[in-house]
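Listed below, chain by chain, are the residues.
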Amino acid sequence: MSEADIREVTTDADRRDVFPIIVQLRDHLDEESYLDLLEEMSAEGYRLFALFVDDEPVAVAGVTISTNFYLGRHAYVYDLVTDAEERSKGHGARLLAFVHEWAAENDCEAVELESGLWRDDAHRFYTNRMGYEKYCHSFVYDLS
């Protein structure tokens, strides 16, 4: 039986090890831009967690804690991705459940995330399997 654990990604080696998984969700990144952005995001409170099986990363979640009028103190999941070869094995559910526990331990009232309109499989996972509710639309205005 494989041994699995979830830990925060803090070392340079682990950051590089999870990049091939992150890029499956954020395919516009190269490793250098990923590392530069990760450093800046971490300074702003972004936390990166990974589920490792036999010491190899198979799923990654990037989370921040913030406060607003409509959710109060909450965790926001910016990134959640399981390696393509490891999907449908429960890794994403296990990692997201960890995020829920982590958020509760950090006095959050909710966990929020967004998902691209085209990601139908992810939407079914969030709503049917993980109990999330669709409650709003998200909009972006490109300033470039």
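This text follows the structure it describes.
Residues numbered from 1 in each chain as written. Predicted model: local features only at pLDDT ≥ 70, side-chain atom pairs only at ≥ 80, totals over all residues. Heavy atoms only, no water.

Undergrad: What should I look at first to understand the nonpolar core in this one?
TA: Most often, soluble globular proteins have nonpolar side chains that are buried together. Within the largest apolar cluster, 24 residues are counted, with the highest numbers of intra-cluster contacts made by Val63, Val77, Leu80, Leu96 and Tyr126. Those elements that provide at least two residues to this core are strand E2 (47-53), strand E3 (56-68), strand E4 (72-82), helix H3 (91-105), strand E5 (110-113) and helix H4 (120-129). Take this core: its biggest share by element is six residues, from H3. Not counting residues up to four positions away in its chain, the partners in contact with Leu96 are Val77, Leu80, Phe125, Tyr126, Met130 and Tyr132. Counting residues in hydrophobic clusters, the runner-up holds 16 residues, among them Leu25, Leu38, Tyr46 and Val81. (Core = buried A, V, L, I, M, F, W, Y, C linked by side-chain atoms within 4.5 Å. Buried < 20%, exposed > 50% of the residue type's maximum accessible area, 1.4 Å probe, protein only. Helix = DSSP H or I, 4+ residues; strand = E, 2+ residues; numbered from the N terminus. Contact = heavy atoms within 4.5 Å.)

Undergrad: Where do I start with the sheet that holds E5 in this structure?
TA: Across a sheet, strands are paired by hydrogen bonds formed along the backbone, either parallel or antiparallel in direction. The strand order E1-E2-E3-E4-E5 describes an open sheet built from five strands, whose pairing is mixed. Looking along the sheet, the strands with just one partner apiece sit at the ends: strand E1 (4-8) and E5. Averaged over all adjacent pairs, the angle separating strand axes in this sheet is 30°, with direction ignored. One ladder, built from four bridges, connects E4 with E5; its direction is parallel. Along E5, the bridge assignment pairs His74 with Ala110. (Pairing = 2+ DSSP bridges. Axes fitted to C-alpha atoms, helices over the stretch in contact; angles between N-to-C directions.)

Undergrad: Is there a simple way to think about the pattern of salt bridges in this case?
TA: Opposite charge on two side chains permits pairing when their charged atoms draw close. Scanning the model with the defined rule gives nine salt bridges in all. Here Arg26 ties to Asp79 by a salt bridge, and the two come within 2.7 Å at their closest N and O atoms. Note that Arg26 is positioned in the loop between helix H1 (12-25) and helix H2 (31-43) and Asp79 in strand E4, a separation of 53 residues in sequence. Among the ionic contacts, a cluster of salt bridges with common partners joins Asp5, Arg7, Asp14 and Asp55. (Salt bridge = Lys/Arg side-chain N within 4 Å of Asp/Glu carboxyl O.)

Undergrad: Can you help me understand H1 in this one?
TA: Three- or four-residue spacings in an α-helix give side chains the same orientation, since the helix completes a turn every 3.6 residues. Compared with the 20 Å implied by 1.5 Å per residue over 14 residues, the 20 Å span of H1 between its first and last C-alpha is a close match. Of all the bends in H1, the greatest reaches close to 45° and is centred on Phe19; the proline Pro20 follows between one and four positions later. Looking only at H1, the buried set comprises Asp14, Val18, Phe19, Ile21, Ile22 and Leu25. Buried residues belonging to H1 abut E1, H2, E2, E3 and E4. (Expected span 1.5 Å × (residues − 1). Bend = angle between axes of the 7 residues up to and from the residue.)

Undergrad: Help me understand the side chain of His74, please; the structure alone is not making it clear to me.
TA: By the element assignment, His74 lies in strand E4. Looking at His74, the relative accessible area reads 2%, which means it is buried. A distance of 2.9 Å separates a polar atom in the side chain of His74 from the backbone oxygen of Gly72. In contact with His74, not counting residues within four places along its chain, are Thr64, Ile65, Ser66, Thr67, Asn68, Cys108, Glu109, Ala110 and Glu112. (Polar contact = N/O pair within 3.5 Å; in protein donor to acceptor, adjacent residues only side chain to side chain.)

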